[in-house]
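# Coordinate inspection notes
Here's the letter readout for the chains.
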There are 2 protein chains.
Amino acid sequence: MRVLGIDPGLTRCGVGIVEGTVGRPPTLVAVGVVRSDPALDVARRLAEIAVGLEEWFDTYSPEAVAIERVFAQHNLGSVIDTAQASGVAALIGARRGLPVTFHTPSEVKAAVTGSGNADKAQVGAMVARILKLSAPPKPADAADALALAICHAWRGGHTNRYAAAAAEARSRR
Amino acid sequence: MRVLGIDPGLTRCGVGIVEGTVGRPPTLVAVGVVRSDPALDVARRLAEIAVGLEEWFDTYSPEAVAIERVFAQHNLGSVIDTAQASGVAALIGARRGLPVTFHTPSEVKAAVTGSGNADKAQVGAMVARILKLSAPPKPADAADALALAICHAWRGGHTNRYAAAAAEARSRR
């Protein structure tokens, strides 16, 4: 299964593609970032992000999309921008008929490091180790996107419904 | 100027179109809602919203788009869904080359009722009066979308930069 992981953001979306199945080591296909021009207004920036993401879909033909779930209680200043970019990413996947799954940051960290509380450096180091890279991918958004794709491939495309429900419950408090 | 106002939501987006210019009474062109099927996953629901909104753009050819600005501190449970739908709406407008402006709820209420703290009933009643309708449009999301479009038309398409900056500052606290 070829999975495109997307760490959404209005300034910069991390994108990472791995090929992998349950129980086997995933391999790196491609990794990078999609940026928008901060001088433009929000709607035009979302359109730039859409164009950039569509190039990744066109070039690499992923079979599934994994997007980081955005929570309202984090980073109040930028959470709306991030959620808007996340909506654009999900729309592009859905319009291509692909399964689009949201994974929580702690699900992803737990999948690649064994701990839901791992920091960015630990996630980057484990992504490099799993994919046999000489160094953690930069920037951190790109490493996070690969971690999302690895998490999704290892689960065979299934969400951890318990973790998702627990996260949902926390976000509603 | 023909303005499409959009009150974003994942379950239901209010949509309202008015024809108007600064200093003249606006007239109603169309009003309604775009819905998504709650049984679908989020990505597919966003795709349904996109299809529904695109029909409004195709049918009525608006020249400008006014979207309600989403704030992180309101309705923690649904704010991410709403922001994702808002991103999809903004993307569609931007891709058609239209100006897309976000207005805060208090800007819109102040524009149509004279008070930034007006309740939904007051907004609906003033929308009906301004557009010479026999009753407030239902549901409230549809009335809100018309209020957005009226606010935008009356401002000649300009944001109240002071109000936007103040709202931005509050959302970052």
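What you see as residue numbers is a count from 1 along each chain, following the sequence as written. Here the convention is simple: chains get letters from A, ligands get numbers from 1, in the order in which they are written. It should be noted that, the model being predicted, local features are given only for residues of pLDDT at least 70 and side-chain atom pairs only at 80 or more, the latter also being counted only at that level, while totals for whole chains, interfaces and linings use all residues. Excluding hydrogens and water, the side-chain values take into account all heavy atoms of the structure.

Per an unreviewed UniProt entry, the recorded name for chain A is Crossover junction endodeoxyribonuclease RuvC, and the organism is Tessaracoccus antarcticus. UniProt positions are given in the numbering used here, feature names are shortened, and annotations may be inferred rather than shown by experiment. One UniProt comment on chain A, placed under Subcellular location (unreviewed entry), says "Cytoplasm". Checking UniProt for chain A, the heading Sequence similarities (unreviewed entry) contains the comment "Belongs to the RuvC family."

## So, the sheet that holds strand β5 (residues 100–103) of chain A
Residue and element names in this part refer to chain A. We call two strands paired when DSSP finds no fewer than two bridges between them. Only runs of H or I of at least four residues qualify as helices and only runs of E of at least two qualify as strands under DSSP, and these elements are numbered from the N terminus. The strand order β3-β2-β1-β4-β5 describes an open sheet built from 5 strands, whose pairing is mixed. Of all the strands in the sheet, just β3 (27–35) and β5 have a single pairing partner and so form its edges. Direction aside, neighbouring strands of the sheet carry axes that sit 20° apart on average. Where strand β4 (residues 64–68) meets β5, 4 bridges bridge the pair, whose relative direction is parallel. Bridge pairing in β5 places E68 opposite H103. Residue contacts are defined here by distance: any two heavy atoms, one from each residue, within 4.5 Å place the two residues in contact. Between N-to-C directions, angles cover 0 to 180 degrees, with each direction set by a line fitted to C-alpha atoms, over the stretch in contact for helices. Against the sheet, helix α1 (residues 42–60) makes contact with β1 (2–7), β2 (12–19), β3 and β4, and its axis sits at roughly 160° relative to β3, the strand it touches most.

## Here's the deal with the interface of chain A and chain B
Residue-level contacts link 32 residues of chain A with 32 residues of chain B. Summing both sides of the interface, chain A and chain B together bury roughly 2500 Å²; the carbon and sulfur share of this comes to 64%. By convention in these notes, a salt bridge is any Lys or Arg side-chain nitrogen within 4 Å of a carboxyl oxygen on Asp or Glu. The interface formed by chain A and chain B includes 2 salt bridges. A:R95 is the salt-bridge partner of B:E54, the closest N and O atoms lying 2.9 Å from each other. Any N or O atom pair separated by 3.5 Å or less is treated as a polar contact, with the protein-specific requirement of one donor-capable and one acceptor-capable atom, and with residues adjacent in sequence counted only for side-chain atom pairs. One can count 6 residue pairs in polar contact (both at pLDDT 80 or more) joining chain A with chain B. Taken together, the elements giving at least two residues each to the side of chain A that touches chain B come down to α1, α2 (79–95) and β5 of chain A. Here the buried area means the combined drop in accessible surface, using a 1.4 Å probe, for two parts upon being joined, counting both sides.

## What about unusual backbone geometry?
Residues and elements named next belong to chain A. A cis amide bond links K138 to the next residue, P139, at an omega of -10°. Take P139: it is sitting in the loop between α4 (120–130) and α5 (140–154). Unlike most non-glycine residues, K132 shows phi in positive territory, near 55°. Positionally, K132 belongs in the loop between α4 and α5.

## Quick notes on the UniProt feature "binding site: Mg(2+) 1" (unreviewed entry) in chain A
Residue and element names in this part refer to chain A. Under the local residue numbering, the UniProt record ascribes the feature "binding site: Mg(2+) 1" (unreviewed entry) to D7 and D141. For the annotated residues, spread through 135 residues, the largest C-alpha to C-alpha distance comes to 6.1 Å, consistent with a single compact locus. Inspection of the secondary structure puts D7 in strand β1. Each residue touching D141, except ones within four places of it in the same chain, is listed here: D7, R12 and G14.

## Concerning the sheet that holds strand β5 (residues 100–103) of chain B
All names here are of chain B. The 5 strands lie next to each other as β3-β2-β1-β4-β5, forming an open sheet whose pairing is mixed. Taken across any chain shown, the strands that pair with only one partner, and hence form the sheet edges, are β3 (27–35) and β5. Taking the axes of each pair of neighbouring strands and ignoring which way they run, one obtains an average angle of 20° across the sheet. Pairing analysis gives 4 bridges linking strand β1 (residues 2–7) to strand β4 (residues 64–68), with the strands arranged parallel. Considered in β4, the bridge of G5 is made with A66. Across the sheet, helix α2 (residues 79–95) lies against β1, β4 and β5, angled at about 150° from β5, the strand it touches most.

## Quick word on the environment of A:P25
Positionally, A:P25 belongs in the loop between β2 and β3. Separated by 106 residues in sequence, A:P25 and A:L131 have C-alpha atoms that sit 7.6 Å apart.

## Examining the packing of helix α1 (residues 42–60) of chain B against α2(B)
Residues and elements named next belong to chain B. Running from amino to carboxyl end, α1 crosses α2 at an angle of 40°, the nearest separation of the two axes being 10 Å. The pairing of α1 with α2 is recorded here as oblique in orientation. α1 and α2 meet at a crossing whose hand is right-handed. When α1 is examined against α2, the residues V42, L46, A50, L53, E54 and F57 are found in contact with a partner set consisting of Q84, A85, V88, A89, I92 and G93. Classes in brief: Ala, Val, Leu, Ile, Met, Phe, Trp, Tyr, Cys and Pro nonpolar; Asp, Glu, Lys and Arg charged; the others, Gly included, polar. Across the contact of α1 with α2, the residue classes tally to 9 nonpolar, 2 polar and 1 charged. Working rule for angles: under 35 degrees goes down as roughly parallel, over 145 as roughly antiparallel, 65 to 115 as roughly perpendicular, anything else as oblique. Definitions for this section: a left-handed crossing has its near helix turned counterclockwise from the far helix by less than a right angle. A right-handed crossing has that turn clockwise.

## Digging into the nonpolar core
Ranked by internal contacts, the top residues of the largest apolar core, which has 56 residues, are A:I6, A:L53, B:I6 and B:L53. Beyond its immediate sequence surroundings of up to four residues, B:I6 is in contact with B:G14, B:V15, B:L53, B:F57, B:V65, B:A66, B:I67, B:E68, B:A89, B:A145 and B:L148. Among buried residues, the Ala, Val, Leu, Ile, Met, Phe, Trp, Tyr and Cys ones that are joined through side-chain atoms within 4.5 Å form a nonpolar core. Each residue is placed in one exposure class: buried if its accessible area under a 1.4 Å probe, protein chains only, is under 20% of its type's maximum, exposed if it is over 50%, and partly exposed if it falls in between.

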